[in-house]
Amino acid sequence: MGQWSSCLTNITNYVAIKLHRVALFLRPPGHPDRSMYLNSLAASLQERFRQRGITSDLDEAIELHRGALLLRPSGHSDRSTSLNNLALSLRDRFLQRGIMSDLDEAIERQRDALLLCSSGHPDRSTFLNNLALSLRDRFLQRGIMSDLDEAIERQRDALLLCSSGHPDRSTFLNNLALSLRDRFLQRGIMSDLDEAIERQRDALLLCSSGHPDRSTFLNNLALSLRDRFLQRGIMSDLDEAIEHHQGALLLCSSGHPDRSTFLNNLALSLRDRFLQRGIMSDLDEAIELHRAALELFPPHHSNRSASLNNLAISLQDRFRQRGIMSDLDEAIELNRAALLLRPPGHSERSISLNNLAGSLRERFLQRSIMSDLDETIELYRTALFLHPPGHSERSMSLNNLAVSLRDRFQQHGIMSDLDEAIELHRAVLERLPPHHSYRSMSLSNLAICLGDRFKQRGIMSDLDEAIEFHRTALLLRPPGHSERSMSLDNLAASLRNRFQQRCIMSDLDEAIALHRDALLLRPPGHSERSRSLNNLATSLQDRFRQQGIMSDLDEAIELHRAALELLPPYHSNQSLSLGNLALSLGYRFQQRGLQPDLDEAFSLYLRLSHLSHTASRTDLNVAKSWAASAHILNHDSALLAYETALKFLDQQVALLSYSSHHFNVIRDAVSSLATDAFSCSVRHGALTTAVELLEQGRGVFWTQLARFSTPLDELSGSGDTGMALAEEFKRLSFRLHNAFDQSTEDKSPQIRQLTMQWDDVVSRIRMLRGFSRFVLPPLFSDLQKAADHGPIIILNASQFGCDALIIHSTKDPVHVPLDTTQAEVSEFSSEFQSLVEQFGSSNHQLKLVGILRKLWDHFVHPIVQSLKESQVPPHSRIWWCPTAEFTLLPLHAAGPYEKNKDNLSNIYISSYTPTLATLIRARQQVSRDASSRHFVAIGQANPDRGKGLQCVAPELAVVAQYLAPVVSFTSLEDGDATVEGAIDALNRNQWLHFACHGMPNRTQPFESSFAMRDGPLMIKDIIRSNWQNPEFAFLSACHTTVGDEKSPDESIHLAAAIQFCGFRSVIGSMWSVDDDVARQVVSAFYRQLIQVDDSRKLDCTCAAVALHKALKSLRNKIPLEQQIVFVHIGV
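So, how was this worked out
- Residues numbered from 1 in each chain as written.
- Predicted model: local features only at pLDDT ≥ 70, side-chain atom pairs only at ≥ 80, totals over all residues.
- Heavy atoms only, no water.
- Pairing = 2+ DSSP bridges.
- Helix = DSSP H or I, 4+ residues; strand = E, 2+ residues; numbered from the N terminus.
- Contact = heavy atoms within 4.5 Å.
- Axes fitted to C-alpha atoms, helices over the stretch in contact; angles between N-to-C directions.
- Parallel < 35°, antiparallel > 145°, perpendicular 65-115°, else oblique.
- Left-handed = near helix turned anticlockwise from the far one by under 90°.
- Nonpolar A, V, L, I, M, F, W, Y, C, P; charged D, E, K, R; others polar.
- Buried < 20%, exposed > 50% of the residue type's maximum accessible area, 1.4 Å probe, protein only.
- Expected span 1.5 Å × (residues − 1).
- Core = buried A, V, L, I, M, F, W, Y, C linked by side-chain atoms within 4.5 Å.
- pLDDT = per-residue confidence, 0-100.
- Salt bridge = Lys/Arg side-chain N within 4 Å of Asp/Glu carboxyl O.
- Disulfide = S-S within 2.5 Å.
- Phe/Tyr/Trp six-rings, centres within 6.5 Å; stacked < 30°, edge-to-face > 60°.

Student: What is the right way to look at the sheet that holds strand β11 (residues 1015-1018) in this model?
Tutor: The strands that make up a sheet are held in pairs by hydrogen bonds between backbone atoms, and each pair lies either parallel or antiparallel. The strand order across the open sheet built from 3 strands is β9-β10-β11, with neighbouring strands paired in antiparallel fashion. For this open sheet the edge positions go to β9 (998-999) and β11, each flanked by a neighbour on one side alone. Of the strand pairs in this sheet, β9 and strand β10 (residues 1009-1012) are connected by 2 bridges, and their pairing is antiparallel. Of the residues in β10, the one forming a bridge with Gly-998 is Phe-1010. Strands β10 and β11 of the sheet are contacted by helix α43 (residues 979-988), whose axis makes an angle of about 30° with β11.

Student: Is there a simple way to explain the packing of helix α10 (residues 214-232) against helix α11 (residues 235-250) in this structure?
Tutor: Running from amino to carboxyl end, α10 crosses α11 at an angle of 160°, the nearest separation of the two axes being 8 Å. Judged by the inter-axis angle, α10 sits roughly antiparallel to α11. In the crossing of α10 with α11, the sense of the turn from one axis to the other is left-handed. Listed contacts from α11 to Ser-215, Leu-218, Asn-219, Leu-221, Ala-222, Leu-223, Leu-225, Arg-226, Arg-228 and Phe-229 of α10 are Met-235, Asp-237, Leu-238, Glu-240, Ala-241, His-244, His-245, Gly-247 and Ala-248. Per-class residue counts for the contact of α10 with α11 are 10 nonpolar, 5 polar and 4 charged.

Student: What's the story with the packing of helix α22 (residues 484-502) against helix α23 (residues 505-520) in this structure? I'm lost.
Tutor: Each pair of packed helices can be summarised by the angle the axes make with each other and by the distance between the axes. Viewed as axis vectors pointing N to C, α22 and α23 meet at an angle of 160°, and their least axial separation amounts to 8 Å. Classified by the angle between their axes, α22 and α23 sit roughly antiparallel to one another. Considering only the axes of α22 and α23, their crossing is left-handed. Residues Ser-485, Leu-488, Asp-489, Leu-491, Ala-492, Ala-493, Leu-495, Arg-496, Arg-498 and Phe-499 of α22 form the contact with α23, whose participating residues are Met-505, Asp-507, Leu-508, Glu-510, Ala-511, Leu-514, His-515, Asp-517 and Ala-518. Considered class by class, the residues forming the contact of α22 with α23 number 11 nonpolar, 2 polar and 6 charged.

Student: Where do I start with the environment of Ala-293 in this structure?
Tutor: Mapped onto the elements of the fold, Ala-293 is located in helix α13 (residues 280-295). Given a relative accessible area of 4%, Ala-293 falls into the buried group. Considered as a pair, Ala-293 and Pro-344 are 51 residues apart in the sequence and their alpha carbons are 25 Å apart.

Student: Any chance you could explain helix α19 (residues 415-431) here in plain terms?
Tutor: Note on helix geometry: an α-helix contains 3.6 residues per turn, so any two residues three or four positions apart are oriented the same way. Over its 17 residues, α19 runs 25 Å from end to end, which matches the ideal 24 Å to within 8%, given 1.5 Å per residue. Within α19, burial applies to Met-415, Asp-417, Leu-418, Ala-421, Ile-422, Leu-424, His-425, Val-428 and Leu-429.

Student: Mind showing me how you'd approach the environment of Ile-459 here?
Tutor: Along the chain, Ile-459 turns up in the loop between α20 (439-457) and α21 (460-475). Overall, Ile-459 belongs to the partly exposed group, its relative accessible area being 40%. Along the primary structure Ile-459 and Pro-596 are separated by 137 residues, whereas in three dimensions their C-alpha atoms are 41 Å apart.

Student: Would you take a moment to explain the nonpolar core for this structure?
Tutor: A general tendency of soluble globular proteins is for nonpolar side chains to be buried together. Among the nonpolar cores identified, the biggest contains 139 residues, and Val-860, Ile-938, Phe-994, Phe-1010, Met-1012, Phe-1085 and Tyr-1086 are the most heavily contacted of them. Looking at which element gives the most residues to this core, the answer is helix α39 (residues 845-869), with 11 residues. Aside from chain neighbours lying at most four places away, what touches Phe-1010 is Phe-994, Cys-996, His-997, Gly-1015, Pro-1016, Leu-1017, Ile-1022, Leu-1035, Ala-1037, Thr-1040 and Leu-1054. In this structure, Phe-49, Met-100, Leu-148 and Cys-162 belong to the second largest nonpolar core, which totals 63 residues.

Student: Explain the confidence of the model for the chain here, please?
Tutor: Note: predicted coordinates in regions of low pLDDT should not be interpreted at a detailed level. Per-residue confidence for the chain gives a mean pLDDT of 85, with 93% of residues at or over 70. Within the model, the stretch residues 1-8 combines pLDDT values under 50 with 0 contacts to residues more than four positions away or in other chains. Every residue in residues 741-748 is under pLDDT 50, and counting partners more than four places away or in other chains gives 23 contacts.

Student: What is the right way to look at the pattern of salt bridges in this model?
Tutor: All chains considered together, the criterion is met by 70 salt bridges. With its nearest N and O atoms 2.7 Å apart, the salt bridge here joins Arg-21 to Glu-60. Highlighted residues: Arg-21 in helix α1 (residues 2-25) and Glu-60 in helix α3 (residues 55-70), separated in sequence by 39 residues. Arg-21 gets classed as partly exposed once you look at its relative accessible area, which sits at 34%. Overall, Glu-60 belongs to the partly exposed group, its relative accessible area being 26%. The closest approach of N and O atoms between Asp-239 and Arg-273, which form a salt bridge, is 3.2 Å.

Student: Even after reading the chapter, I still don't get the state of the cysteines, so can you show me in this structure?
Tutor: Where two cysteines share a covalent bond between their sulfur atoms, that bond is called a disulfide. If you walk through the whole model with that rule in mind, you get 0 disulfides. Here Cys-117 is not disulfide-linked; the sulfur of Cys-162 is the nearest cysteine sulfur, at 14 Å. Since its relative accessible area comes to 1%, Cys-117 is described here as buried. Here Cys-162 stays unpaired: no disulfide links it, and the sulfur of Cys-207, its closest cysteine neighbor, is 13 Å away.

Student: For this particular structure, what's the right way to read the packing of aromatic side chains?
Tutor: We describe a pair of aromatic rings using the distance from one ring centre to the other and the angle between the two ring planes. Counting across every chain of the model gives 15 aromatic pairs. Centroid distance Trp-991 to Phe-1032: 5.1 Å. Interplanar angle 45°. Geometry classified as tilted. Of this pair, Trp-991 sits in strand β8 (residues 991-995) while Phe-1032 sits in strand β12 (residues 1032-1036), and the two are 41 residues apart along the sequence. The burial state of Trp-991 is the same as that of Phe-1032; both residues are buried.

Student: Explain the pairing of strand β14 (residues 1126-1130) here, please?
Tutor: A regular strand carries its side chains on alternate faces of the sheet. Along β14, 5 of the 5 residues are buried, which leaves the element largely enclosed by surrounding structure. As paired elements, strand β13 (residues 1065-1069) and β14 share 5 bridges and run antiparallel to each other. Note on β14: the bridge partner recorded for Ile-1067 is His-1128.

Student: Hey, could you run me through the pairing of β11 in this one?
Tutor: As judged from the 4 bridges shared by β10 and β11, these two strands associate in the antiparallel manner. Directly across from Phe-1010, in β11, lies its bridge partner Leu-1017. Here β10 hands over to β11 after 2 residues, the two strands then running antiparallel side by side.

Student: What am I meant to see in the environment of His-391 here?
Tutor: Along the chain, His-391 falls in the loop between α17 (370-385) and α18 (394-412). As a C-alpha pair, His-391 and Thr-1101 span 710 residues in sequence and 67 Å in three-dimensional space. Setting aside its immediate chain neighbours within four residues, His-391 contacts Arg-97, Gly-98, Leu-386 and Arg-431.

Student: Would you mind showing me how to read the side chain of Ser-584 here?
Tutor: The topology assignment puts Ser-584 in helix α26 (residues 574-592). Beyond its immediate chain neighbours, meaning those up to four positions away, Ser-584 contacts Gln-541, Leu-553, Ile-557 and His-560.

Student: Would you take a moment to explain helix α6 (residues 124-142) for this structure?
Tutor: Taking 1.5 Å per residue, 19 residues should reach 27 Å; α6 reaches 27 Å between its end C-alpha atoms and fits that length. Most of α6 is tucked away: 14 of the 19 residues are buried. Taken from the residues just after α6, Gly-143 is the one with a positive phi, measuring 70°.

What follows is the structure, given as structure tokens:
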């Protein structure tokens, strides 16, 4: 019957519009009745719009109403009616499209209509009511309280004109009640809500059984009673609300147009009662009611998408209670279905984009799946695009995007995400007038982000501004405000941060008091109770550390326990909460020495080793705290803690797009983790584990890039499946490598999609027999192969001690204890760096010799003794693999520098390697076709910036003299030695010689560069080059092994970039090189290189020996610091 009725209505509308068009055609311009027929056609079009939602009908209706109004000038008896009709249509269009100018014009037209209706006019009460409705709409958009106050006054005026028995009295009572309820929601004045309930009761009394509005008024009264319950917590209000909702629903038989709405409202109230009493049947019934509402809408019904959303919300609620992921997954699918029903151009598409984004963010907060958060951000960006400047929902869209960007910052620490979030929040705040209802939320969100930025950059003005914003937000949320607890908590957190900087106890005491107030407003069952418990506990812990009052620490522990118990197993705050509790228990153990406290702390930390989702930045930080605590206390979980932390580190790095912009994030994540893990392993006698963990946590940026160049011969030869997977892996790796640093847009969806596909291919490869460890961190049995051609000496400096470990090709690693501390190594390194700055400007020979002797006595000599004991023959090759501060010291040049005593260079031939895996890769990359070798010498004597170099041309002439007869040789000089020319040459040659200025950048290491004619050839340019079987590079430039000052273990310098890009053998410099000395060294080196191999064919594995002999031949011709400036890296 309902479908038949709807069909009849559509036919009737269609016929009416046709007839009105004909009638209007018969009344051309100038006809006295034309305005009446314009109005009639407009009314029919407006009615069809309300039935079918065709916006073109509404646009035409507005133009027709405008036309009618023009035909009814001032004084016309129907002018007020035309003004009112135009205003109603403009309001309808505003409700559809959200264009504020339509609503503003509607209000002006309604004011004009009202002026034409003097006291006693029969339409005055109606026009007062219509104006009030539009003013209320504008308030809901802009939050200007004067609009709402005026709406209430107009509704009171309309009500005064409707005496008892007036047919509109119940409607006007209801409208006044709705506006009073709105004002209550803004100002929290209970008398407004109490009056709203009384007016709704009065309206209901006027609607006896059978009255067409009775179900609506029952519903509205129920909504207000629910509001009062939320304020006062009186269960009788909620119970009565549910009864009235049920009464309204009973009056809506099958087919009633409001049935789905009433089903929804009853469901919402049942959900409230569930939250109070915990009876799952209420929540289950709510879900069934939402399902029933959804069933009332056929697939393409205009309200189906809203119903899908409501059901999704209830399913999310049930997920939070029972933890059944299928509920949350279904909620997301329902939101996706809603979005499909709102295609591009649909007026409510932005709402569906926001709803889907919100549910995906919820799943991210539970599972920490980054693809969910990335999709959330992209959906919010799309929604924002649909809310251009001036749109009523733009502020909310800006806010949603900003909040999600902060979520991503919290995962990966990418500052561009946080900076963008702050700018978006500022844009929101600028749009909101002082008394707007959203202003407190906007102030709060901006303050939170400023606090985050303070923690990263330490700029006190950010923190001070955050505190002021939090104080302002709190003033806008007086007692009784639903968000007051959040503002109390946020202000407290910022005051705690300021205490940690300035140690003003009043800040900490105020923070604790505010946290207590917030906790009182978050009783058991409140979704934020766990957060409040944790925050109060953390502040009490701070006060304990400051004043030593044990009761503060005891209370903190109990609060942390309670916070942790409220979190489900996979909650994103789980690791933070257990980490805080473990830390507090550790403090108490230090005070009282009770073993159960220590045992409980480490049992909590052990949960991290079973983490099933991809680790977040918080997970990594807590794992690092575990490792540090276990190391200091010599707990038997220390090695597992380091293994877990390094696994988390690998996951974190893998989630970043491959950009130099993320290097700061990697640097912060790595810190001293690998070197501390090495030290811990050595202390436990686990020497092979020490090597594995050190490899896993050093050079992580290069390791990630190197995975894209993994050799695939074995995989391709394992069968058809292996061959197909190898091709797919190669294709995706090529695309990801080429994406390096191409965009500053972090986490672009294209990069994220490529990364997910790459991960999927890797997972499938690992399922193949024999490939279970494909691109996983190597085991010691693999790493030991690095020592096939000579021992590797790892020199490690950690806060827990300094050690050397010698790796032999067939024997177990040999530990050489070093009687020094990291602080002493750091001081020694600083002393040497200060001396390096004086090279070339003063007589420093004695100082240099003194440092090289110290280097020998404290570090190198004990290692040489061990090598001799291991029967490593004299003049053998050895490889140094230094960490931390050791990377800045010239280990290869150490010696006693006394007559009749050998320096290291007289005993062994030294090379360096940043990591063992790098050396192994270099040995595996053997050129198959020796005849295809090409050599390019690139020289730039007159760069874009910097002084000229006099010996570049003679140096290139020397290179040509030795190389041109034995290899395909090209020279690139001066005007040809541009950035583009160099990159082109790099792509086509296997052997390389650079003669130019080297420009290190110790704060932005990816911008370290070779100086070309037209600008810098930077590391990031080198990484993107498409090398063809590269073999050897001589970098005759200054500082080519000088990298990032804060993270030496990442080896971000020119020589490492060349090596990690595939060059098997590299010669670089540790400090400034004299121009003429470089020419002499280069001449001696290439002469020796060709003599080493009698066949006169170039062999890059002979480079170290050739450099050793060349420098030996120049020992009496060049200064000592220039004899030792060049080092060999690689095979």
